[in-house]
Each structure stands twice: as C-alpha cells, then as structure tokens.
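# Geometric and topological summary
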Amino acid sequence: MREYTRQEQEAAAVAAKLIAAEGRTWARAFRDAQSSVGIRPDPNLTASEIRRWFALFAPHEHQALLAAKRHAALHVMRSVPELNCRLIGVVLSGAAVETSPAELVAIGTGEKEAFLALLNAGFLPEPLDAPYPTAFARRVGEKCLDSLLLDVRGEPVLVRIVPEHTPLPALTRPDEFQAEWEAAGALPSDALAQVLSDTP
C-alpha cells in the first residue's frame, strides 16, 4: 500500500465516517469530503478507513453484517454452479455497510442464460437498466456488463454478467483490519465456504 499524504488520509477518514456512521452513499460522501478537505478521497484508503471505523466502534455488529452478506452470496454461488461466480467488492474486502449488496461476477455467460439459471434455482432476478455503481462496474464500463439484482434472505446480491476474459479485481496487500483472503480481489465458492466455516 502506497504512502498517503496527511490531506489524503484526512479526506478518506471524513468520507469513511460519513459512509459508516451516517449511511451516506460513497458518491455523496466523496463529494462532501472533497468539499470539506479540498481533495477527492482515494477509494482504497477510504475502504481501509471504513474497516478501521467499524473495528473501533462496532466490531461485533460489523462482523455479523459481513457474515450475513457473505452467506447470502455463497447461497447464490452454490445454487447456480454453472455460472461459476466469484465474490468481489466491499462484501469480500470487509468495507461493506448495511445497504451494500454482495457483488458476484459471472464470466462468459449471457444475461438470458444467467437470468434463467437464477430463476430455475428459485430466485427472482431483477435486471437493472443502469449498473449499480461499484468500483468494478466503473472499471469495466457499463456497456461491458449486465446486472441482475436478487433478494436473498433479506440481503441484496448483485450478479454481474461480463464477457469472457474480463479481468477480475486483483489481489492486494491486506491492511491491518483484513484477513489475507479478504484482500484476494475475487473468491470462488469453495474458498468462500472454507473461510466462512473457519470464521467464528
């Protein structure tokens, strides 16, 4: 992880508090933090600051929230193995808040095939006309992905359908509030099942 300036750290801390404590969206929190501090927060540093905030102020509640979202994701992954989904995003990295959907990526299948597979597995997928804004969606581009939203035991799960050879989020160095697997970038169902079974 690169060295950040004091101003960058302050901007990320302000945005993280707005997201974690006040429930603001990332986009609004970034605008407000930039207005307050003078620079746009770095997304990676902001995610780390969100993990720090929860570790300090609500560690047990946040771990329970993450577990519920990860189990919802695993349920989908196991229900439609033919989609070969990977868990990515803030639910994997540990920077999720209550409103964050678990984000899954299905590579090399079409939207219609994914929709039918999910429907046959008992889900009610809702196609999204515009991509739900996440780091992955911004990087890939809205023209290169389709998105289906599921409600799984009260938890939102977002399935991204992308073309074959679409690069997944890369492995990163974990910060002090992450396990190594939380910094994996993308996690298949068997690995997710293993870490969840090992987590108290």
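Described below are features of the structure shown in this document. (Residues numbered from 1 in each chain as written. Predicted model: local features only at pLDDT ≥ 70, side-chain atom pairs only at ≥ 80, totals over all residues. Heavy atoms only, no water.)

## Brief notes about the layout of surface pockets
The computed volume of the largest pocket comes to approximately 1300 Å³. As for the largest pocket, its lining consists of 42 residues, and the residues nearest its centre are W26, A47, G89, V90 and A135. Listed by contribution, the elements that provide at least two residues to the lining of the largest pocket are α2 (26–37), α3 (43–57), α5 (89–93) and α7 (135–140). Here the element with the most residues in the lining of the largest pocket is α5; it accounts for five residues. (1 Å grid on protein atoms, 1.4 Å probe; cavity = no way out; pocket = protein on both sides within 12 Å on 5 of 7 lines; lining within 4 Å. Points joined across faces, edges and corners; volume = space filled by probe spheres on them. Helix = DSSP H or I, 4+ residues; strand = E, 2+ residues; numbered from the N terminus.)

## Brief notes about the side chain of D175
Position of D175 relative to the elements: it lies in the loop between β5 (155–162) and β6 (187–188). Looking at D175, its side chain comes within polar contact range of the main-chain nitrogen of F177, at 2.8 Å. (Polar contact = N/O pair within 3.5 Å; in protein donor to acceptor, adjacent residues only side chain to side chain.)

## Details of the environment of P188
Topologically, P188 is positioned in strand β6. A residue is classified by how much of its surface remains accessible, and P188, at 26% relative accessible area, is partly exposed. Between the C-alpha atoms of P188 and C85, which are 103 residues apart in sequence, the distance is 6.5 Å. (Buried < 20%, exposed > 50% of the residue type's maximum accessible area, 1.4 Å probe, protein only.)

## A closer look at the packing of helix α1 (residues 6–22) against α3
Contact pair α1 / α3: the axes reach a minimum separation of 8 Å and the direction vectors enclose 55 degrees. When the interaxial angle is binned, α1 and α3 end up oblique. Considering only the axes of α1 and α3, their crossing is right-handed. For the pair α1 and α3, contact is made by E8, Q9, A12, A13, A15, A16, K17, I19, A20 and A21 and by L45, T46, E49, I50, W53 and F54, respectively. (Axes fitted to C-alpha atoms, helices over the stretch in contact; angles between N-to-C directions. Parallel < 35°, antiparallel > 145°, perpendicular 65-115°, else oblique. Left-handed = near helix turned anticlockwise from the far one by under 90°. Contact = heavy atoms within 4.5 Å.)

## Here's the deal with unusual backbone geometry
Its identity is not glycine, yet N84 carries a phi of approximately 50 degrees, on the positive side. One can find N84 in the loop between α4 (59–79) and β1 (86–88). The backbone phi angle of H165 is positive, close to 75 degrees, even though this residue is not glycine.

## Section: the sheet that holds strand β3 (residues 126–127)
Spatially, the six strands line up as an open sheet ordered β3-β4-β5-β2-β1-β6, and their pairing is mixed. The sheet is open, and its two edges are formed by β3 and β6, each paired on a single side. Note: β3 against strand β4 (residues 146–152), two bridges, orientation antiparallel. The residue bridging E126 from the neighbouring strand is L149, located in β4. Relative to the sheet, α4 contacts β1, β2 (102–107), β4, β5 and β6, its axis offset from that of β5 by approximately 50 degrees. Sheet contacts for helix α6 (residues 111–120): β3, β4 and β5; angle to β4, the most-contacted strand, approximately 10 degrees. (Pairing = 2+ DSSP bridges.)

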